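One-letter residues, chain by chain:
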Amino acid sequence: MTLLSSPAEAGALSAAPRPSGLKRELARANRRKTRSAALLVLPLFALVFVFFALPILGLLTGAVHSPTYADHFPRSAAQLRAEAPFDEAFYEALFQDIRDADEARTTGKVGRRLNQDQPGFSTMLKSATRASRRETPDPGTFADWFAARDDRWTDPEYLAAMRRTAQPNTDFFLLKSLDLERNIEGKLVSVDPDQALFVDVFLRTLLISLGVTLICCVLGYPLAWSLVQASPKWRNLMLLGVLFPFWTSLLVRTAAWVIVLQKEGPINSALQGIGLIDAPLTLVFNRFGVLIALTHILLPFLVLPLYSVMKAIPRDYMRAAKSLGARPVYAFLTAYFPQTLPGLSAGAILVFIMSIGYYITPALVGGPRDQMISYFIAFYTNNTINWGLASALALNLLIVTLVLYALYQRITGNGRVSMGV
């Protein structure tokens, strides 16, 4: 048994921090470091939240929230939400709403919103607005006054559309983006086949994205393998070629493919010059042009993560497999290829997610039947100012992307996408 040599040593020992005290000090130090790191990145988080997350959230909210009618026609909207009948009191409230909206110059907004649900409302509302400036119906004649302006004011289909539009929260745009609608009874039905559009567009978008991903995998895998096998000098030159497209504008690259693939372009001229074809081939403004241009743009996004994974695989594995009697093809499939799957899967999902939202390239090199869903989102945002439908299409695209990503994670069994670094 060891005895303390002096009272000073005994005091020093008793003053030393116990293990539990050390843990508390360490925990406090870690919390201080965490707070300091959080304060450093807080401005970046605020910037991303204000200028990126909030605008996207606001856009997606427009898919299910449309208070235009309720905000500008509050009297008639309150009766419609209360399931009140379309009686004289409703038409009197509608008349007062039209007059107030005319003074506030908001009638056009309500007309556009009603017109999105049932075409013709904008004309009806303009006619009623002009008539309300000249005259005021006598009490008890408001319904007849509206019917005299346009008999569609008493049509059950138009009245049902008004009742739907009066709800601030609506599923109209989401249903429309899926080629569905509600009939007069409120039941879900498919839209007229001549108006069905968006389901085919979504399927076309997925098909084009899948085609681009497969082409990039077929072309990118041997390219990445060649980069790994090349000498340092040639590897640097090849990497320069892979990275060079990033230094060129996307619009310039897409326009260059229009020139290269057109009927008078170098490809058709070369094929005709060597006698392989008699007439120019149609290589642009169709699905072929879209696939070629998107593959050229997105191929580096598959090659780089795949190359980083391949570079980390020791070459001894292939030599060991061959020394054990495996043929080269079998050794490649069993000893080498499985180790490259993290990079291949990461590059493939990256290419697919990026291609599913492309707009400029299909718009420039594709035909009318080759436009992807992003084209229609831009069209309803900029041309028709139908933000509700554009938001619904964007929300559907986001949901489809997340579902496919979840399926990818489920199939590959990875908790995260590995970039091979």
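Residues numbered from 1 in each chain as written. Predicted model: local features only at pLDDT ≥ 70, side-chain atom pairs only at ≥ 80, totals over all residues. Heavy atoms only, no water.

1. Comments concerning the overall build of the protein
Spelled out, the test is: To qualify as a helix, a DSSP run of H or I must reach at least 4 residues; to qualify as a strand, a run of E must reach at least 2; elements of each kind are numbered from the N terminus. Just to be clear, the radius of gyration here is over C-alpha atoms, and the globule rule we use is 2.2 Å times residues to the power 0.38. For every residue, the accessible area obtained with a 1.4 Å probe (protein chains only) is divided by the maximum for its type, and the residue is called buried under 20%, exposed over 50%, and partly exposed between those limits.
Along its length, the protein carries 20 helices and two strands. Taking 2.2 N^0.38 as the reference for a compact globule, 421 residues should give roughly 22 Å; the C-alpha atoms of the protein span a radius of gyration of 33 Å, well beyond that estimate. Taking the principal axes of the C-alpha coordinates as reference, the protein spans close to 105 × 100 × 35 Å. Across the 421 residues in the protein, those meeting the buried criterion constitute 37%.

2. Regarding the packing of aromatic side chains
Note the following rule: Two aromatic rings from Phe, Tyr or Trp, using only the six-membered ring of Trp, form a pair when their centres are within 6.5 Å; if the ring planes differ by under 30 degrees the pair is stacked, by over 60 it is edge-to-face, and anything between is tilted.
Under the defined criterion, the tally for this structure stands at 22 aromatic pairs. Measuring from ring centre to ring centre gives 5.2 Å for Phe146 and Trp153, while their planes differ by 70 degrees; the resulting arrangement is edge-to-face. Judged by its relative accessible area of 1%, Trp153 is buried. Connected via pairs of aromatic rings, a cluster forms that spans Phe86, Phe90, Tyr91, Phe95, Phe121, Phe142, Trp145, Phe146, Trp153 and Tyr158.

3. Thoughts on the layout of surface pockets
The following threshold applies: Of the grid points, spaced at 1 Å and generated over the protein atoms alone, those admitting a 1.4 Å probe that cannot get out make up cavities, while open sets with protein on both sides within 12 Å along at least five of seven lines make up pockets; any residue with an atom within 4 Å of a point is treated as lining. Grid points are joined across faces, edges and corners, and a volume is the space filled by probe spheres set on the points. Classification used: nonpolar for Ala, Val, Leu, Ile, Met, Phe, Trp, Tyr, Cys and Pro, charged for Asp, Glu, Lys and Arg, polar for all others including Gly.
The space that makes up the largest pocket amounts to roughly 660 Å³. Along its surface, the largest pocket is lined by 28 residues, and Gln116, Asp117, Gln118, Phe172 and Lys176 are the ones closest to its centre. Secondary-structure elements contributing two or more residues to the lining of the largest pocket are α6 (107–117), α9 (156–165), α10 (172–177) and β1 (180–182). The dominant element in the lining of the largest pocket, judged by the number of residues it contributes, is α6, at four residues. Classifying every residue of the lining of the largest pocket gives nine nonpolar, ten polar and nine charged.

4. Overview of the packing of helix α11 (residues 198–229) against helix α17 (residues 328–356)
Quick note on the threshold: For helices, the axis comes from a line fit to the C-alpha atoms of the stretch in contact; other axes are also lines fit to C-alpha atoms, and the angle between any two N-to-C directions lies between 0 and 180 degrees. Working definition: roughly parallel below 35 degrees, roughly antiparallel above 145 degrees, roughly perpendicular at 65 to 115 degrees, and oblique for all remaining angles. Handedness of a crossing is defined here by the sense of rotation of the near helix relative to the far one, left-handed for an anticlockwise turn of less than a right angle and right-handed for a clockwise turn. We call two residues in contact when some of their heavy atoms are within 4.5 Å.
Where α11 meets α17, the closest approach of the two axes is 9 Å, and the angle between their N-to-C directions is 140 degrees. One element, α11, and the other, α17, form an angle in the oblique class. In terms of crossing hand, the pair formed by α11 and α17 is right-handed. Contacts between α11 and α17 pair Thr205, Leu206, Ser209, Leu210, Val212, Thr213, Cys216, Cys217, Tyr221 and Trp225 from the former with Phe332, Tyr336, Phe337, Thr340, Leu344, Ala348, Val351, Phe352, Ser355 and Ile356 from the latter.

5. Some details on the environment of Thr282
Examined against the element boundaries, Thr282 turns out to sit in the loop between α14 (266–273) and α15 (287–311). Given a relative accessible area of 51%, Thr282 falls into the exposed group. Sequence separation between Thr282 and Lys263 is 19 residues; the distance between their C-alpha atoms is 6.5 Å.

6. Remarks on the confidence of the model for the protein
Our working rule: Summary of the metric used: pLDDT quantifies the predictor's per-residue confidence within the range 0 to 100.
Across the protein, pLDDT averages 87, with 93% of residues at or above 70. Across residues 415–421, where pLDDT falls below 50, the model places 16 contacts with residues more than four positions away in sequence or in other chains.

7. Regarding the state of the cysteines
We count it as follows: Any cysteine sulfur atom paired with another within 2.5 Å is treated as part of a disulfide.
In the structure shown here, the tally under the stated rule is zero disulfides. Summary of cysteine pairing: Cys216 is not part of a disulfide, and the nearest cysteine sulfur, belonging to Cys217, is at 7.1 Å. Look at Cys216 and you get buried, because its relative accessible area is 0%.

8. Considering the pattern of salt bridges
Heads up, the rule is: The salt bridge criterion pairs a side-chain nitrogen of Lys or Arg with a carboxyl oxygen of Asp or Glu, the two atoms within 4 Å.
Under the counting rule described, the total for this entry stands at ten salt bridges. Between Glu83 and Arg163 there is a salt bridge, with the nearest N and O atoms lying 3.6 Å from each other. You can see Glu83 sitting in the loop between α4 (74–81) and α5 (88–104) and its partner Arg163 sitting in helix α9, a full 80 residues away along the chain. For Arg163, a relative accessible area of 17% translates into the label buried. For Asp150, the salt bridge identified is with Arg152, shortest N-O distance 2.9 Å. Accessibility expressed as a relative area gives 24% for Arg152, which makes it partly exposed. Salt bridges sharing common partners tie together Arg75, Asp97 and Asp100.

9. Considering unusual backbone geometry
Positive phi values are uncommon outside glycine, yet Arg105 reaches one of about 60 degrees. Topologically, Arg105 is positioned in the loop between α5 and α6. On the accessibility criterion, Arg105 (79% relative accessible area) is exposed. Even without glycine at this site, Asp179 takes up a positive phi of about 60 degrees. Judged by relative accessible area, which is 10%, Asp179 ranks as buried.

10. Describing the nonpolar core
Inclusion rule: Grouping buried Ala, Val, Leu, Ile, Met, Phe, Trp, Tyr and Cys residues that are joined through side-chain atoms within 4.5 Å yields what is termed a nonpolar core.
With 37 residues, the main nonpolar core has Val212, Cys216, Leu294, Leu298, Leu302, Leu306 and Met310 as its most contacted residues. When contributions to this core are tallied by element, the ones reaching two or more residues are α11, α12 (232–243), α15, α16 (316–323) and α17. Ranked by residue count, the leading element in this core is α15, at eleven residues. When residues no more than four places from it in sequence are discounted, the contact partners of Leu306 are Gly220, Tyr221, Ala224, Thr340, Gly343 and Leu344. Formed by 28 residues, the second largest nonpolar core is a distinct cluster that contains Leu80, Tyr91, Phe95 and Tyr158.

11. Considering the side chain of Gln118
Looking at the element boundaries, Gln118 is found in the loop between α6 and α7 (121–134). Other than its neighbours up to four places away in sequence, Gln118 contacts Glu157, Tyr158 and Ala161.

12. Here's the deal with α4
Definition in use: The arc in question is the one traced by the directions running from the helix axis out to the C-beta atoms.
For α4, the full list of buried residues reads Ser76, Ala77 and Leu80. Seen along its axis, α4 keeps its buried residues to an arc of 100 degrees; they face one direction. On its buried face, α4 sits against α3 (68–72), α5 and α9. Directly beyond the C-terminal end of α4, a positive phi value near 60 degrees is found at Glu83.

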